[in-house]
Amino acid sequence: MNERLSRRKLLNIGIFGFGTIAGTVVGIPIISYLLSPLLNPAKNAWRDVGAIDDFKVGDTVEVTLEEPSPLPWAGATAQTSAWLRRTGDRDFTAFAVNCTHLGCPVNWLQEAELFLCPCHGGIYDANGDVAGGPPPRALWQHQTRVVNGRVQVLTRGLQVA
């Protein structure tokens with residue numbers, strides 16, 4: 001029962017112990033990063049995008065708004081955008097700027113009244129419905145409201161198909 005610890009066995013224990021510690025030190029932040037959206041999801045927030053008179057009925061314009069949960073060091077990446085269309089005196093429709101295929105930003109062509117995804121050829125009509133290409137569904141829409149003469153858009157995290 002009184003065995004002597006050989007040099008090889010001691011080195012194996014040391015290497016195994018060091019590997020376990022190193023794996024734990026590296027693994028905990030990675031697992032925390034991967035699980036953080038599930039444990040602490042982004043809160044939806046209303047963002048002001050301008051005065052109601054800044055938008056003409058029938059026009060679709062790109063508006064800039066802040067992400068729902070920007071990080072203090074995010075800088076310009078904390079900004080996102082949406083396509084906002086004024087459909088009536090106090091009625092607005094806001095489309096997410098991301099294609100439902102792979103999340104690429106879509107462009108609005110006023111003359112053709114189409115949203116186009118330049119990456120993979122996705123095409124959406126003026127209502128955000130798929131008109132061609134690989135997108136699996138229509139553009140996501142944000143809720144809108146008018147408060148004290150200001151247009152607000154409800155933000156949410158990036159949606160995936």
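Calculation criteria
- Residues numbered from 1 in each chain as written.
- Predicted model: local features only at pLDDT ≥ 70, side-chain atom pairs only at ≥ 80, totals over all residues.
- Heavy atoms only, no water.
- Helix = DSSP H or I, 4+ residues; strand = E, 2+ residues; numbered from the N terminus.
- Buried < 20%, exposed > 50% of the residue type's maximum accessible area, 1.4 Å probe, protein only.
- Contact = heavy atoms within 4.5 Å.
- Pairing = 2+ DSSP bridges.
- Axes fitted to C-alpha atoms, helices over the stretch in contact; angles between N-to-C directions.
- Polar contact = N/O pair within 3.5 Å; in protein donor to acceptor, adjacent residues only side chain to side chain.
- Expected span 1.5 Å × (residues − 1).
- Bend = angle between axes of the 7 residues up to and from the residue.
- Salt bridge = Lys/Arg side-chain N within 4 Å of Asp/Glu carboxyl O.

A. Spotlight on the overall build of the chain. Secondary structure assignment for the chain yields 1 helix and 11 strands. Looking at the chain as a whole, 31% of its 161 residues are labelled buried. If you take every contact in the chain between residues at least 6 apart in sequence, the share linking residues at least 24 apart comes to 45%.

B. Looking closely at the sheet that holds strand 3 (residues 79-86). Pairing is antiparallel across the open sheet formed by 4 strands, whose spatial order is 2-3-4-9. In this open sheet, the two strands that pair with only one neighbour each are strand 2 (60-66) and strand 9 (141-142). Two elements, strand 4 (residues 92-96) and strand 9, share 2 bridges in a ladder whose sense is antiparallel. The residue of strand 9 that forms the bridge with A94 is H142.

C. The sheet that holds strand 11 (residues 150-155), seen in detail. If you trace the 3 strands from one edge of the open sheet to the other, you get 1-11-10, paired in antiparallel fashion. Each edge of the open sheet carries a strand with a single partner, namely strand 1 (45-51) and strand 10 (144-147). Put simply, the sheet's adjacent strands are angled 35° from each other on average, direction ignored. Across 6 bridges, the pairing between strand 1 and strand 11 is antiparallel.

D. The arrangement of the side chain of Q152 in detail. Along the polypeptide, Q152 turns up in strand 11. The exposure class assigned to Q152 is buried, which follows from its relative accessible area of 15%. For Q152, the side chain forms a polar contact with the side chain of R145, separated by 2.6 Å.

E. Region of interest: helix 1 (residues 7-39). Helix length check: helix 1 (33 residues) gives 46 Å between terminal C-alpha atoms against 48 Å at 1.5 Å per residue, within 8%. Residue Y33 marks the point of greatest curvature in helix 1, where the axis turns by about 35°; the proline P37 follows within four residues.

F. Representation of unusual backbone geometry in the model. Even without a glycine there, the phi angle at E113 is positive, about 55°. For E113, the position within the fold is in the loop between strand 5 (107-109) and strand 6 (114-116). A relative accessible area of 44% places E113 in the partly exposed class. Here N148, not a glycine, exhibits a phi torsion of approximately 55°, which is positive. On the secondary structure map, N148 appears in the loop between strand 10 and strand 11.

G. Fine view of the pattern of salt bridges. Tallied over the full model, the rule gives 1 salt bridge. Between R150 and D48 there is a salt bridge, and its shortest N-O distance comes to 2.8 Å. Linking R150 in strand 11 with D48 in strand 1, this pair joins segments that are 102 residues apart in sequence.

Read these as geometric descriptors, not functional statements.
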